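Next come the chains, spelled out residue by residue.
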Amino acid sequence: MLAAICLPVFALTMPNARAEPTVEVLHYWTSGGEAKAASALKKDFEGHGGKWIDSPVAGGGGSAAMTVLRSRVLSGDAPTAVQLKSPAILEWAEQGALANLDDVATKEHWNDILPKRLQTLMQYDGHYVAVPVNIHRTDMIWANPELLASVGAGDVPKSWDEFNTLAEKLQAKGVIPLALGGQPWQEVILFENVVLGIGGTEFYQKALIDLDEEALKSDTMKKVFDEMRILRGFVDADFSGRDWNLTTAMVMNGKAAMQIMGDWAKGEFLAAGKVPGKDFLCVSTPSKDGYLFNTDSFAMFEVSGDDKVAGQKLLAELIVGEKFQETFNLLKGSIPARLGVPMDKFDECALQSEKDMQASQGSDGFLPSVGVDMALPGALTGAIVDTVTSHFNSDMSSDDAVSKLLENIELARD
Ligand code: BGC
């Protein structure tokens, strides 16, 4: 009786001590591999006494999730934690929508355990507003070894010319050479790989990051569109609109030989019990020393309620935890964002990624992916995406594609 009377008083006077850390997490990890990785985060959070409200929005690449986010924020109902990329983090932070994570960052020594480059990406105006989960790369070919062997190719191609020759051989045998999901962001992943392979790292930086006019209208850019036209001839008739994971399944099931996709594709192979080096091959796309990176991160939105604030802090702390970084990235196909996580449980694809990532640091080859929104503010990414997809899905010439690219970028700048 006494307890029953006392409890509400206690609850009213000591809200902090009683707040159950709660997060509503808006994310787009809904494929087989992604869902496994997401549930590792949920499990870790719940294991530490938190309450997790799951808000998945299906749609690879996340544009559907971003639409939901905008409408939620507009209606004053921001989710507590959101899977967000660094340019979008800046855009939301500029609007004052994000919570400051400096106290967690200081307590957990983020300045010592995160790579400098990622520290910058997670900050706005010198303050932490997001927390990194991983490092993915988009410059990868996922190949079916049996299909390659069927045309006598032991190896994945080392240049785009070699790629074309191999693809022609596969096509002549009735095999679909290139598994592509015809959604704009997937087409841009293909495009950025061609930019890197044909132009090199300096050209990638100038054209796709600095948006330098000379680079954008150069002959090199025309060659990139020429190659995109050739690649269009290597995809199957049903590619339009196909999800990336169904596209990965085509390589897995022997329907197509190669997919060019971020290493979240590895998460799909692993979730299906496939073994790297045996059931599938992972090799970086033709380029000298480029590494097209993509870091998933969570931004915490400004919300009120002790339970929610406690939830945001707990989630941020756990995400950078060493054990979590290992567990999550083993499932997701990426490598840890945190420095010094033991790599002994990681497979050959991840070890190669780690090695290439290190090598790219010394050569300006560590470049953000445009296709998955790492490189530019939304409007400018949109200008590139629109051009690439209109060119790929029509008979537009390379000259016209280059003019359109300049025009769209100019419009997006206004
Ligand atoms: C995300 C990945 C995700 C992929 C496909 C990318 O934007 O960074 O984590 O697996 O989209 O949905």
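Residues numbered from 1 in each chain as written. Predicted model: local features only at pLDDT ≥ 70, side-chain atom pairs only at ≥ 80, totals over all residues. Heavy atoms only, no water.

Right, let's get into helix α11 (residues 184-209). Here α11 spans only 19 Å end to end across 26 residues, well under the 38 Å set by a 1.5 Å rise per residue. Taking the largest bend as the criterion, α11 deviates by roughly 125°, centred on G200. Directly after α11, the chain includes L211, whose backbone phi takes a positive value near 55°. (Helix = DSSP H or I, 4+ residues; strand = E, 2+ residues; numbered from the N terminus. Expected span 1.5 Å × (residues − 1). Bend = angle between axes of the 7 residues up to and from the residue.)

The next subject is the nonpolar core. Soluble globular proteins tend to bury their nonpolar side chains together. Ranked by size, the top nonpolar core spans 75 residues in total, and within it L148, F163, F191, M221 and I384 carry the most contacts. Among all residues touching M221, those that are not within four sequence positions of it are F191, F203, A207, L208, A215, L216, V402 and L405. Of all hydrophobic cores here, the second largest spans 48 residues; its members include A37, A81, L98 and V320. (Core = buried A, V, L, I, M, F, W, Y, C linked by side-chain atoms within 4.5 Å. Buried < 20%, exposed > 50% of the residue type's maximum accessible area, 1.4 Å probe, protein only. Contact = heavy atoms within 4.5 Å.)

Let us look at the sheet that holds strand β7 (residues 134-137). Sheets are built from strands paired through backbone hydrogen bonds, the pairs being either parallel or antiparallel. The strand order across the open sheet built from four strands is β14-β7-β12-β15, with neighbouring strands paired in mixed fashion. Sheet topology places β14 (335-336) and β15 (366-368) at the edges, where each strand pairs with a single neighbour. Pairing of β7 with β14, which is carried by two bridges, proceeds in the antiparallel orientation. Bridging across to β14, N134 finds its partner in P336. The sheet contacts of α11 involve β12 (291-294) and β15, and relative to β15 the element is tilted by about 80°. Each of β7 and β14 is contacted by helix α17 (residues 322-332), which is oriented at about 20° to β7, the strand it contacts most. (Pairing = 2+ DSSP bridges. Axes fitted to C-alpha atoms, helices over the stretch in contact; angles between N-to-C directions.)

So, on to the sheet that holds strand β2 (residues 51-56). Read from one edge of the open sheet, five strands run β2-β1-β3-β13-β6, paired in mixed fashion. Two strands lie at the open edges of the sheet, namely β2 and β6 (130-132), each paired on one side alone. Shown here is a sheet whose adjacent strand axes are inclined to one another by a mean of 25°, direction ignored. Note: β6 against strand β13 (residues 297-300), three bridges, orientation antiparallel. In the sheet register, P132 faces β13, and the bridge partner there is S297. Strands in contact with helix α16 (residues 306-319) are β1 (22-27), β2, β3 (81-84), β6 and β13; relative to β1, the strand with the most contacts, it is inclined by about 60°.

Right, let's talk about the environment of D395 for a bit. With respect to the helices and strands, the residue D395 is situated in the loop between α19 (378-392) and α20 (398-413). Considering only alpha carbons, one finds D395 and L405, 10 residues apart in sequence, at a separation of 15 Å.

Here the focus is the pairing of β2. Across six bridges, the pairing between β1 and β2 is parallel. Across the sheet, residue E24 finds its bridge partner in β2, namely I53.

Attention now goes to the confidence of the model for the protein chain. Summarising the model, the protein chain shows a mean pLDDT of 94, and 96% of its residues fall at 70 or more. Note on residues 1-15: pLDDT is under 50 here. Beyond four places in sequence and across chains, it has four contacts. (pLDDT = per-residue confidence, 0-100.)

On to the packing of α11 against α19. Where α11 meets α19, the closest approach of the two axes is 10 Å, and the angle between their N-to-C directions is 115°. In terms of orientation, α11 and α19 fall into the roughly perpendicular class. Here the hand of the crossing between α11 and α19 comes out right-handed. Residue-level contacts link P184, E187, V188, L190, F191 and L208 of α11 to I384, V385, V388, T389 and F392 of α19. Broken down by class, the residue content of the contact of α11 with α19 amounts to nine nonpolar, one polar and one charged. (Parallel < 35°, antiparallel > 145°, perpendicular 65-115°, else oblique. Left-handed = near helix turned anticlockwise from the far one by under 90°. Nonpolar A, V, L, I, M, F, W, Y, C, P; charged D, E, K, R; others polar.)

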